[in-house]
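# Working through the structure, step by step
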Amino acid sequence: MKFAITSKGDQKSNTLMHKMRTYLLDFELIYDEDQPDIVISIGGDGTLLYAFHRYSSRLDKTAFVGVHTGHLGFYADWTPEEIEKLVIAIAKTPFQVVEYPLLEVIIRYQGGAKESRYLALNESTVKGVEGTLVMDLEIRGEHFERFRGDGLCMSTPSGSTAYNKALGGAIIHPSISALQVAEMASINNRVFRTVGSPLILPAHHTCMLKPVSHFDFQVTIDHLSYLHNDVKSIQYRVPEEKIRFVRFKPFPFWKRVHDSFIDDSD
Ligand code: NAD
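The rules we used
The written sequence of each chain sets the order in which its residues are numbered from 1. Totals for whole chains, interfaces and linings use every residue, but because this is a predicted model, local features are given only for residues with pLDDT of at least 70 and side-chain atom pairs only at 80 or more, for both listing and counting. The basis for every side-chain value is the complete set of heavy atoms in the structure, and neither hydrogens nor water enter the calculation. A helix here means a DSSP run of H or I that spans at least four residues, while a strand means a run of E at least two residues long, and both kinds are numbered starting from the N terminus. Based on C-alpha atoms, the radius of gyration is set beside the globule rule, defined as 2.2 Å times the residue count to the power 0.38. Throughout this description, buried means an accessible area under 20% of the type-specific maximum (1.4 Å probe, protein chains only), exposed means over 50%, and partly exposed covers the range between. Any two residues whose heavy atoms approach within 4.5 Å at even a single point are treated as in contact. Working definition of accessibility: Shrake-Rupley area with a 1.4 Å probe, residue cover restricted to the visible protein chains. Take a side-chain nitrogen of Lys or Arg and a carboxyl oxygen of Asp or Glu: if they are within 4 Å of each other, that pair is a salt bridge. Domain borders in the structure are assigned automatically or taken from a domain database. Here the buried area means the combined drop in accessible surface, using a 1.4 Å probe, for two parts upon being joined, counting both sides. Counted as a polar contact is a pair of N or O atoms within 3.5 Å, where, for protein atoms, one must be capable of donating a hydrogen and the other of accepting one, and residues adjacent in sequence contribute only when both atoms are in side chains. Any residue with a non-hydrogen atom lying within 4 Å of a molecule or strand is treated as near it.

## Brief notes about the overall build of the protein chain
- Tallying secondary structure elements over the protein chain gives five helices and 17 strands in all.
- On C-alpha atoms alone, the protein chain measures out to a radius of gyration of 20 Å, which is about the 18 Å that the 2.2 N^0.38 rule sets for 266 residues.
- Scored against the burial criterion, the 266 residues of the protein chain give a buried share of 50%.
- Considering only contacts in the protein chain between residues 6 or more positions apart, those separated by 24 or more positions represent 70%.
- Counting every atom, the protein chain has about 12,600 Å² of accessible surface; 51% of that belongs to carbon and sulfur.

Here is the structure:
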């Protein structure tokens, strides 16, 4: 089996990375940064987001596992004290995977320039470059609302505990294939109106954003941020691709939610 390790880059994560690499090589696994079967991310959720984007072109062939060197992460749920156990599990056990849904973002441009396609593990946000974002929102090709406000956040189920949660969105179990639309400070008065609630769309529903009078937008894909000019539309849906996480121990999603947001003392 071929493995790769990504580190957050701090001293603690780098030391663990070297230790794990040595242990795994001792077990005769092969280190292959380009075509790994398994990627071990050491750091936090941000490190796993980075690893996901690095290997997003081979999601069907690569599975991920995360070790956290700071606080418990949603994607990084192994502790540094457990790495010997993790190494033995990787080297000796045929691993099981759980698959989580992703978000596909397709940006099309005025004048027919080549479209951009991205996959997000957490979410994609759209904001205006100059002040208020104004965009028409379509669901399954039907006009739904004209949004005016700070921005919109489209999240995956596993990303629902991240930015989406801070916006008042619901937490969605990652076994549900869906995308969630959450508003950022919408303008609502007698003239302008939005639904005001987060929307949860099933996997077969496409959500499309269309500019009204300004065509330049700041679009984030997880931790990455891009300026897009002359935008014609931004399309969101749940893609066929999924992320695969290696599972060696049960750590139910609702326990992770509890331990992260309520109390991890038990
Ligand atoms: P960062 O260093 O600012 O970390 C953001 C925090 O989000 C970290 O504590 C991380 O553990 C947590 N996080 C990431 N994914 C999560 C998930 N799926 N569930 C629960 N918590 C999660 O930024 P980063 O490490 O580069 O991560 C980028 C992410 O930060 C974005 O994908 C976005 O979700 C999040 N973010 C959140 C807010 C907010 O809550 N107001 C604002 C901007 C970005």
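## Description of the pattern of salt bridges
- Applying the stated criterion to the full structure yields 12 salt bridges.
- Notably, a salt bridge pairs Lys 61 with Asp 60, separated by 3.6 Å at the nearest N-O pair.
- Owing to a relative accessible area of 46%, Lys 61 belongs among the partly exposed residues under this scheme.
- Since its relative accessible area comes to 56%, Asp 60 is described here as exposed.
- Linking Arg 117 and Glu 104 is a salt bridge whose minimum nitrogen-to-oxygen distance equals 2.8 Å. Highlighted residues: Arg 117 in strand S7 (residues 116-120) and Glu 104 in strand S6 (residues 103-109), separated in sequence by 13 residues.
- Overall, the relative accessible area of 41% leaves Arg 117 in the partly exposed class.

## Observations concerning the domain arrangement of the protein chain
- Annotation of the protein chain at the domain level lists domain 1 (2-100 + 242-261) and domain 2 (103-237).
- On a C-alpha basis, the centres of domain 1 and domain 2 stand 30 Å from each other.
- Of the residues lining the interface, 17 residues belong to domain 1; the matching set on domain 2 comes to 17 residues.
- With both sides pooled, the region where domain 1 packs onto domain 2 buries about 1,400 Å², and carbon together with sulfur makes up 75% of that total.
- Three residues, His 53, Tyr 75 and Phe 253, lead the burial of domain 1 against domain 2; their summed loss comes to 36% of the area buried on that side.
- Run the count over domain 1 and domain 2 and you get three residue pairs in polar contact (both at pLDDT 80 or more).
- Those elements that provide at least two residues to the side of domain 1 that touches domain 2 are helix H2 (45-54), strand S5 (96-101), strand S17 (242-247) and helix H5 (253-261).
- Broken down by element, the residue count for the side of domain 1 that touches domain 2 peaks at five residues, all from H2.

## Some words on the site of the ligand
- The environment of the ligand is formed by 15 residues, the closest being Asp 45, Asn 122, Glu 123, Ser 158 and Thr 161.
- Between the ligand and Tyr 75, the relevant distance is 3.5 Å, taken from a nitrogen atom to a side-chain nitrogen or oxygen of the residue.
- At a separation of 3.0 Å, a nitrogen atom of the ligand approaches a polar backbone atom of Ser 158.
- Burial of the ligand by the surrounding chains reaches 60%, relative to a free accessible area of 780 Å².

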